[in-house]
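Observations on the model geometry
Residues per chain are reported as follows:
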Amino acid sequence: MSPTLFLCACMIFFSCFHESVFADPTPVVMWHGMGDTCCSPGSLGAIISVLEREIPGIYVNDVCNQIANDKHLQNGYHAIGFSQGSQFLRAVAQRCPLPPMRNYISIGGQHQGVFGLPRCQGSIKLCNFARMLLNYGAYVHVIQAQYWHDPLDENTYRDKSIFLAEINNEKVLNQTYVENLQKLQNMVMIKFTRDSMVVPPESSWFGFYAPGQAIDVIPLKETELYKNDRLGLLQMEKDGKLHFLETNGDHLQFTEKFFISEVVNKFIK
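The name given to the protein chain in an unreviewed UniProt entry is Palmitoyl-protein thioesterase 1, with Trichinella papuae as the source organism.

Along the protein chain, the regular secondary structure elements total eleven helices and eight strands. As displayed, the protein chain offers around 11,900 Å² of accessible surface, 56% of which is attributable to carbon and sulfur atoms.

Right, let's talk about the side chain of D250 for a bit. Topologically, D250 is positioned in the loop between β8 (242–247) and α11 (256–268). Note on D250: relative accessible area 13%, which makes it buried. In terms of polar contacts, D250 uses its side chain to reach the backbone amide nitrogen of S196, at 2.8 Å.

Let us now look at the pattern of salt bridges. Evaluation of the coordinates by the stated rule reveals nine salt bridges. A salt bridge links E166 to R95, with the nearest nitrogen and oxygen atoms 2.5 Å apart. Of the two residues, E166 is situated in helix α7 (residues 164–167) and R95 in helix α4 (residues 84–95); the sequence distance between them amounts to 71 residues. You can call E166 buried: its relative accessible area is 18%.

On to α4. Compared with the 16 Å implied by 1.5 Å per residue over twelve residues, the 17 Å span of α4 between its first and last C-alpha is a close match. In terms of residue burial, α4 counts as a mostly covered element, since twelve of its twelve residues are buried. Taken together, the buried positions of α4 are Q84, G85, S86, Q87, F88, L89, R90, A91, V92, A93, Q94 and R95.

In this structure, Y77, M101, M187, F206 and L233 are the most contacted members of the largest nonpolar core, which totals 25 residues. Where this core is concerned, the elements lending two or more residues are β3 (77–82), α4, β4 (101–107), β5 (186–192), α9 (224–227) and α10 (233–238). With sequence-adjacent residues up to four places away left out, L233 is seen in contact with L181, M187, F206, L220, L225, Y226 and L242. Counting residues in each nonpolar core, the second largest holds 24 residues, with I48, V60, F259 and F267 among its members.

Time to look at the environment of N248. As for its placement among the helices and strands, N248 is situated in the loop between β8 and α11. For the pair N248 and D195, spaced 53 residues apart in sequence, the C-alpha to C-alpha distance is 8.9 Å. At 3.0 Å, the side chain of N248 and the side chain of T193 are in polar contact. A polar contact is formed between the side chain of N248 and the side chain of R194, at a distance of 3.1 Å.

The subject of this paragraph is the packing of aromatic side chains. By the definition in use, this model includes seven aromatic pairs. With centroids separated by 5.6 Å and ring planes inclined at 75 degrees, the aromatic side chains of W205 and F244 adopt a geometry described as edge-to-face. Of the two residues, W205 sits in the loop between β5 and β6 (208–209) while F244 sits in strand β8, which places them 39 residues apart along the sequence. A network of ring pairs unites the aromatic residues F115, W148, F208 and Y209 as a single cluster. Cation over ring: K191 sits above W205, and NZ or CZ is 4.0 Å from the ring centre.

Right, let's talk about the side chain of E154 for a bit. Locating E154 in the fold gives a position in helix α6 (residues 154–160). A distance of 2.9 Å separates a polar atom in the side chain of E154 from a polar atom in the side chain of H149. With residues near it in sequence (within four places) discarded, E154 still touches H149 and P211.

A few words on the packing of α4 against helix α8 (residues 175–182). Running from N to C, α4 and α8 point in directions that differ by 100 degrees, and their axes come no closer than 7 Å. What the angle tells us is that α4 and α8 run roughly perpendicular. Contact with α4, carried on its side by R90, A93, Q94 and R95, involves T176, Y177, N180 and L181 of α8 and no other residues of that element. The residue inventory of the contact of α4 with α8, partitioned by class, reads three nonpolar, three polar and two charged.

A word on α11. With 13 residues, α11 ought to run about 18 Å at 1.5 Å a step, yet its terminal C-alpha atoms sit only 15 Å apart, falling short of that. Within α11, the full set of buried residues consists of F258, F259, I260, V263, V264, F267 and I268.

Across a regular strand the side chains alternate sides, sitting on one face of the sheet and then on the other. In terms of burial, β3 is largely enclosed, as six of its six residues are buried. The alternating pattern of β3 places Y77, A79 and G81 and H78, I80 and F82 on opposite faces, both of which are buried. Of the pairings in the sheet, the one linking β3 to β4 comprises five bridges and is parallel in character. Residue F82 lies in a different strand from β4, and its bridge partner there is I107. In this region the chain leaves β3, passes through α4 and returns to the parallel neighbour β4; the handedness of that crossover is right-handed.

Rules and cut-offs
- Residues numbered from 1 in each chain as written.
- Predicted model: local features only at pLDDT ≥ 70, side-chain atom pairs only at ≥ 80, totals over all residues.
- Heavy atoms only, no water.
- Helix = DSSP H or I, 4+ residues; strand = E, 2+ residues; numbered from the N terminus.
- Areas by Shrake-Rupley, 256 points an atom, 1.4 Å probe, with all protein chains shown as cover.
- Buried < 20%, exposed > 50% of the residue type's maximum accessible area, 1.4 Å probe, protein only.
- Polar contact = N/O pair within 3.5 Å; in protein donor to acceptor, adjacent residues only side chain to side chain.
- Salt bridge = Lys/Arg side-chain N within 4 Å of Asp/Glu carboxyl O.
- Expected span 1.5 Å × (residues − 1).
- Core = buried A, V, L, I, M, F, W, Y, C linked by side-chain atoms within 4.5 Å.
- Contact = heavy atoms within 4.5 Å.
- Phe/Tyr/Trp six-rings, centres within 6.5 Å; stacked < 30°, edge-to-face > 60°.
- Lys NZ or Arg CZ within 6 Å of the ring centre and 35° of its normal.
- Axes fitted to C-alpha atoms, helices over the stretch in contact; angles between N-to-C directions.
- Parallel < 35°, antiparallel > 145°, perpendicular 65-115°, else oblique.
- Nonpolar A, V, L, I, M, F, W, Y, C, P; charged D, E, K, R; others polar.
- Pairing = 2+ DSSP bridges.
- Right-handed = clockwise from strand over helix to strand, strands pointing away.

Okay, structure coming up:
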């Protein structure tokens, strides 16, 4: 399956649609993560309720054809990705520039992938053994495998990853991806300080394990991705478009107060 077809399949599988009365506010497109649902009152449905309460008349649509054909989005929209939905919406920004995505908010995303068993409660030896087993099934054509990133074997990751390595410009340099990402007004990345699902948590900020080992984590600015500006992130930071936020909690555990003050009021209204 080609990367493009894979993304389209993900859009169909993970998308759900919620519509409210459209007025002047910029519409919002959201994409949830694995195991979540679009409209549960205890999950994404709660976020929709907050947005509709805080911004009366806003139009919320939960995802290149669905967006392109949506009349409410033609003048631009904001995008909010939750967990793995963050990577998929970033792929939309890079691959589907029309209609224009204005502000992109990633909440608990895995932009450099993950390497580890989520919430592993065993010893270090046991968790490392689990990593080894997961490696055997990595890089296959299922959604959850598409953000597995083995720092001990970077060549295999770049060769076998059909999604993450491709949208991170680690296979070949796609200048269109760079140009389209530059069109964002803001790129907001939220990390959870006690995230036990995203391993390492720094992946939410494009950080990851230094190549060749799985202990020391390097921040975005020390990665080749940033230093060689393969996605244009270095230039975006110079332009003041990158925003790194963090909140004290486990994966996707944040308060309504945090969401309103740090996301809605600053980047959605």
